[in-house]
Amino acid sequence: MHLKLIASAALMGLMMTTSVFAQEAAAPKQTVNDALRARLPEKIRTDGKMISVNNGSFPPYEIVTGTKLTGASADLTDAIGQMLGVTIEHETVSGLSALLAGINSGRYQFAFGPIGDFKTREEANDFIDWVQEYVVFSVQKGNPKAITSLDSACGNRIAVMAGGSAEKVIQAQVEKCKTAGKPAPEVQSYTDQPSSILAVRSKRADAFFSSQAPLTYFVSQANGQLELSGVGQKNGFEDLYQGAVVPKGSPLGPVLLDSIKALMDNGAYAAIMKKWGLENNMIKQPGLNLGGALPK
């Protein structure tokens, strides 16, 4: 409980900085696209709403404060809702497994994410990919443990998001370190980003291994305490695409795909991504199930 309170306080501090950053530009307003709206499942049109689920703060994409969601994903889903003539509500669950279970049970219509797209995940879900991501390390300033790659993670305390692809890569690295006769990394799994980054700032972990976009954000807000490491390396991943998630074969998938295309065509996607400092994660066109194999 004490850790959660500290993480909440740390996140609130980030929110104050984020609010200033986010006011630099307003998200472009959209008008209803009747052709896209007509393709929505009838129940969604009748209800006039959809529920998008998230698994906690993933700045600068998703920033959860109480029941309110802000960030690039919130701006983009607002724009999609305007385009489709429906309200998109947001709910938060704990962990990726609960998120996927909630979507596949029909409790939530989709998750906008972005969530890592891999072929194994595509067996049960469709991914509408709208960003490209990279996985790197966030370390203490000066990188005292010299963590610059997966190999140099051996013998160090590595924080990861529970259930994510980065956790699987680090768990695989445990065996590789042992095989090489090196001490295994101590893997620390957390359910949210603020707790993970706090572990590094408080020196309970030596590094946080996660997506570059949120780590860049956290480093920028850490008052010089942190830096990125391992940038420009594959770090166990090939091309990594992330996006929205729907149940396998859901008719909502193609609608979301074409809605994102429309936002790209009219400039709203670029405006929102740039507003949140995500220029380096933009892709030219969204795609359905672009993911590759999960690293072994």
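Residues numbered from 1 in each chain as written. Predicted model: local features only at pLDDT ≥ 70, side-chain atom pairs only at ≥ 80, totals over all residues. Heavy atoms only, no water.

Draft legend 1. Structural view of helix H8 (residues 212–220). Counted residue by residue, H8 has seven buried out of nine residues, so it is predominantly covered. Those residues of H8 that sit buried are Gln212, Ala213, Pro214, Leu215, Tyr217, Phe218 and Val219. (Buried < 20%, exposed > 50% of the residue type's maximum accessible area, 1.4 Å probe, protein only. Helix = DSSP H or I, 4+ residues; strand = E, 2+ residues; numbered from the N terminus.)

Draft legend 2. Up close: the pattern of salt bridges. Enumeration according to the criterion identifies ten salt bridges in this entry. For Lys261, the salt bridge goes to Asp258, with nearest N and O atoms at 4.0 Å. Placement of both Lys261 and Asp258 in helix H9 (residues 252–265) is noted, with a separation of three residues, approximately one turn of the helix. Through salt bridges with shared partners, a single network forms among Arg39, Asp258 and Lys261. (Salt bridge = Lys/Arg side-chain N within 4 Å of Asp/Glu carboxyl O.)

Draft legend 3. Quick peek at the sheet that holds strand E12 (residues 240–247). Reading across the sheet, the four strands line up as E5-E12-E6-E13 and stay open at both edges, with antiparallel pairing between neighbours. Each end of this open sheet is capped by a strand with a single partner; those strands are strand E5 (111–116) and strand E13 (282–288). Adjacent strand axes in the sheet meet at a mean angle of 25°, parallel and antiparallel pairs treated alike. Where strand E6 (residues 125–133) meets E12, eight bridges bridge the pair, whose relative direction is antiparallel. Its bridge partner being in E12, Glu133 is matched across the sheet by Leu240. This element, helix H5 (residues 96–104), spans E5, E6 and E12 of the sheet and lies at about 40° to E12. (Pairing = 2+ DSSP bridges. Axes fitted to C-alpha atoms, helices over the stretch in contact; angles between N-to-C directions. Contact = heavy atoms within 4.5 Å.)

Draft legend 4. Just the layout of surface pockets, in detail. Counted as a void, the second largest pocket has a volume near 210 Å³. Across the lining of the second largest pocket, the residue classes tally to six nonpolar, seven polar and no charged. (1 Å grid on protein atoms, 1.4 Å probe; cavity = no way out; pocket = protein on both sides within 12 Å on 5 of 7 lines; lining within 4 Å. Points joined across faces, edges and corners; volume = space filled by probe spheres on them. Nonpolar A, V, L, I, M, F, W, Y, C, P; charged D, E, K, R; others polar.)

Draft legend 5. Representation of the packing of aromatic side chains. Under the defined criterion, the tally for this structure stands at seven aromatic pairs. Arranged with centres 5.7 Å apart and planes meeting at 20°, the rings of Phe58 and Tyr61 form a pair that is stacked. As far as the burial class goes, Phe58 and Tyr61 line up, both buried. Measuring from centroid to centroid gives 6.4 Å for Phe209 and Phe237, while their planes differ by 45°, and the two rings are tilted. Separated by 28 residues along the polypeptide, Phe209 in strand E10 (residues 207–211) and Phe237 in the loop between strand E11 (226–229) and E12 bring together distant segments of the chain. Summarising the burial analysis for this pair, Phe209 and Phe237 share the class buried. (Phe/Tyr/Trp six-rings, centres within 6.5 Å; stacked < 30°, edge-to-face > 60°.)

Draft legend 6. Focus on the packing of helix H4 (residues 72–84) against helix H10 (residues 268–275). For the pair H4 and H10, interaxial distance at closest approach is 9 Å and the crossing angle is 160°. One way to sum up the angle between H4 and H10 is to call them roughly antiparallel. The crossing of H4 and H10 is right-handed. Touching Ala72, Asp75 and Leu76 of H4 are Tyr269, Ile272 and Lys275, all from H10. Here the residues of the contact of H4 with H10 sort into four nonpolar, no polar and two charged. (Parallel < 35°, antiparallel > 145°, perpendicular 65-115°, else oblique. Left-handed = near helix turned anticlockwise from the far one by under 90°.)

Draft legend 7. Summary view of the packing of H4 against H9. Contact geometry for H4 and H9: axes closest at 10 Å, N-to-C directions at 105°. Here H4 is positioned roughly perpendicular relative to H9, judged by the angle of their axes. Across the interface between the two elements, Leu76, Ala79, Ile80, Met83 and Leu84 from H4 touch Val255, Leu256, Ser259, Ile260, Ala262 and Leu263 from H9. Considered class by class, the residues forming the contact of H4 with H9 number ten nonpolar, one polar and no charged.

Draft legend 8. A look at the sheet that holds E10. One open sheet holds the five strands; their spatial order is E9-E8-E10-E7-E11, and the pairing between them is mixed. Two strands bound the open sheet, and with one partner strand each, they are strand E9 (186–190) and E11. Strand-to-strand twist of the sheet, defined as the mean angle between neighbouring strand axes without regard to direction, takes the value 30°. Sheet analysis places strand E7 (residues 135–140) next to E11, joined by four bridges and oriented antiparallel. The residue of E11 that forms the bridge with Val139 is Glu227. Along the sheet, helix H7 (residues 193–201) contacts E7, strand E8 (157–161), E9, E10 and E11; its crossing angle with E10, the most-contacted strand, is approximately 150°.

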